[in-house]
Amino acid sequence: MDLLALADFTLVARHGGFGKAARAAGRPKATLSRRVAELEASLGLRLFERGARDLKLTEEGRALFTRAGLLLTELEETAAAIASGSARPRGRLRISAPLLFSQTAMGKLAAGFALKHPEVRLEVTTEDRAVDMIEEGFDLVIRVNPSPDESLVGRAFLRDRLVVVARPDLVRPPEGMTVAAVVRGVGERTAWPVRTPAGHATITVEPVLCLASLIMVRDAVRAGVGAGRLPISLVSRDLADGGLVHWGDVDAPDIVLWTLYPTRRLLSPRVSAFLDHLKQAFPNGTPDELAAYVAG
């Protein structure tokens, strides 16, 4: 495959038309049109649907654009690193991270990374949804307990667990009795299975406050509105100083944070550098490390 023709195709696809691509690159429109036509002929595929006024990628064109863009970016980065005599991280790094991790740790992480790697322009987007990192142009995503995805590879870097906590003056009810609770979102279950030193139990709750984020839930629990289910890393200091008491560990799988990136043989220096930065921040990946990092 002609890599120059492939580069011209990605240029046209990125700008949404031959005219716009020609003006952006300072190249003749006819040349770009000819190179794309040659690429289509060599592949035996139509990559664009050409309308009277617009140009749209076909399904095959969209798939090629997604993969080719990543490949060409890697080749450019590798060539630049070789030319400069080093693999120093540089360029834009786009990351998607979940809300709670972004609110508690990502600002400090991003600042430390920026100071360490000033030639990288870090962009962090907060998303609790599972973004399509290839379609939406992310280099790295952080997800909580992600579903298997054959197009992505990654590693777990941090673990946390849910606990039920409350103010000391809120009495834990006997089995079968209800207690006021602060919950995240609407529709949370009213029966919380927990593990305690005495064995398994169920705490029956009556939601009196529904809030959008776990930090809001924690603040309301601190104020004495009701009990709450929260990550241990978010309340460990409150438990240590007696501001909250522990009613039990939620009987559920651990919260596991993963870093994910596209399956490819060459991992960009920017992504590698950020993975190393995470490893240095959380060498063991425990809830205590996260709590200490957030508090520090």
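Just above sits the structure.
Just so we're clear, the structure is a prediction, and the values are computed from it rather than from any experiment.

A few words on the overall build of the protein. When its secondary structure is counted, the protein shows nine helices and 13 strands. Against the globule reference of 19 Å for 296 residues, the protein gives a C-alpha radius of gyration of 25 Å, more extended than a compact globule. Burial status across the protein gives 41% buried among its 296 residues. Residue pairs in contact within the protein that sit at least 24 positions apart in sequence constitute 75% of those at least 6 positions apart. For the protein, the exposed surface amounts to about 15,700 Å²; the carbon and sulfur share of it is 54%. Counting 38 positive and 35 negative side-chain charges, the protein places the averaged centre of each group 6 Å from the other.

Two numbers describe how helix H1 (residues 3-15) lies on helix H3 (residues 29-43): the axes approach to 9 Å, and their chain directions differ by 115 degrees. By the angle between their directions, the pair H1 and H3 is classed as roughly perpendicular. The crossing of H1 and H3 is left-handed. Contacts between H1 and H3 involve Leu-4, Ala-5, Leu-6, Asp-8, Phe-9, Leu-11 and Val-12 from the former and Leu-32, Arg-35, Val-36 and Leu-39 from the latter.

Next up on the list: the sheet that holds strand E8 (residues 178-184). Here six strands make up a closed barrel; going around it, the order is E7-E11-E8-E10-E9-E12 and the pairing mixed. Across the sheet, the mean angle separating the axes of adjacent strands is 50 degrees when strand polarity is ignored. Two strands pair when backbone bridges link them, and strand E7 (residues 162-166) and strand E12 (residues 245-250) are joined in this way by four bridges, in the antiparallel orientation. If you follow Val-165 over to E12, its bridge partner there is His-246. Contacting E7, E8, strand E10 (199-211) and strand E11 (227-231), helix H6 (residues 214-222) runs over the sheet at an angle of about 135 degrees to E11.

Our focus in this paragraph is unusual backbone geometry. A positive phi angle, near 45 degrees, is found at Asn-145, a position not held by glycine. Looking at the secondary structure, you find Asn-145 in the loop between strand E5 (140-144) and strand E6 (152-160).

On to the packing of aromatic side chains. All told, the structure shown has seven aromatic pairs when counted by the stated rule. Geometrically, the ring pair formed by Phe-101 and Phe-157 is edge-to-face, given 5.8 Å between the ring centres and 75 degrees between the ring planes. Of this pair, Phe-101 sits in helix H5 (residues 99-116) while Phe-157 is found in strand E6, placing the two residues 56 residues apart along the sequence. Like Phe-101, the residue Phe-157 is buried in the burial classification. An aromatic cluster is built from Phe-101, Phe-157, Phe-282 and Tyr-293, whose rings are joined through pairwise contacts. Sitting above the plane of the Phe-138 ring, Arg-94 keeps its charged end 4.3 Å from the centroid.

Basis of the calculations
Residues numbered from 1 in each chain as written. Predicted model: local features only at pLDDT ≥ 70, side-chain atom pairs only at ≥ 80, totals over all residues. Heavy atoms only, no water. Helix = DSSP H or I, 4+ residues; strand = E, 2+ residues; numbered from the N terminus. Rg over C-alpha atoms; globule rule 2.2 N^0.38 Å. Buried < 20%, exposed > 50% of the residue type's maximum accessible area, 1.4 Å probe, protein only. Contact = heavy atoms within 4.5 Å. Areas by Shrake-Rupley, 256 points an atom, 1.4 Å probe, with all protein chains shown as cover. Lys, Arg positive; Asp, Glu negative; His and termini not counted. Charge placed at Lys NZ, Arg CZ, Asp CG, Glu CD. Axes fitted to C-alpha atoms, helices over the stretch in contact; angles between N-to-C directions. Parallel < 35°, antiparallel > 145°, perpendicular 65-115°, else oblique. Left-handed = near helix turned anticlockwise from the far one by under 90°. Pairing = 2+ DSSP bridges. Phe/Tyr/Trp six-rings, centres within 6.5 Å; stacked < 30°, edge-to-face > 60°. Lys NZ or Arg CZ within 6 Å of the ring centre and 35° of its normal.

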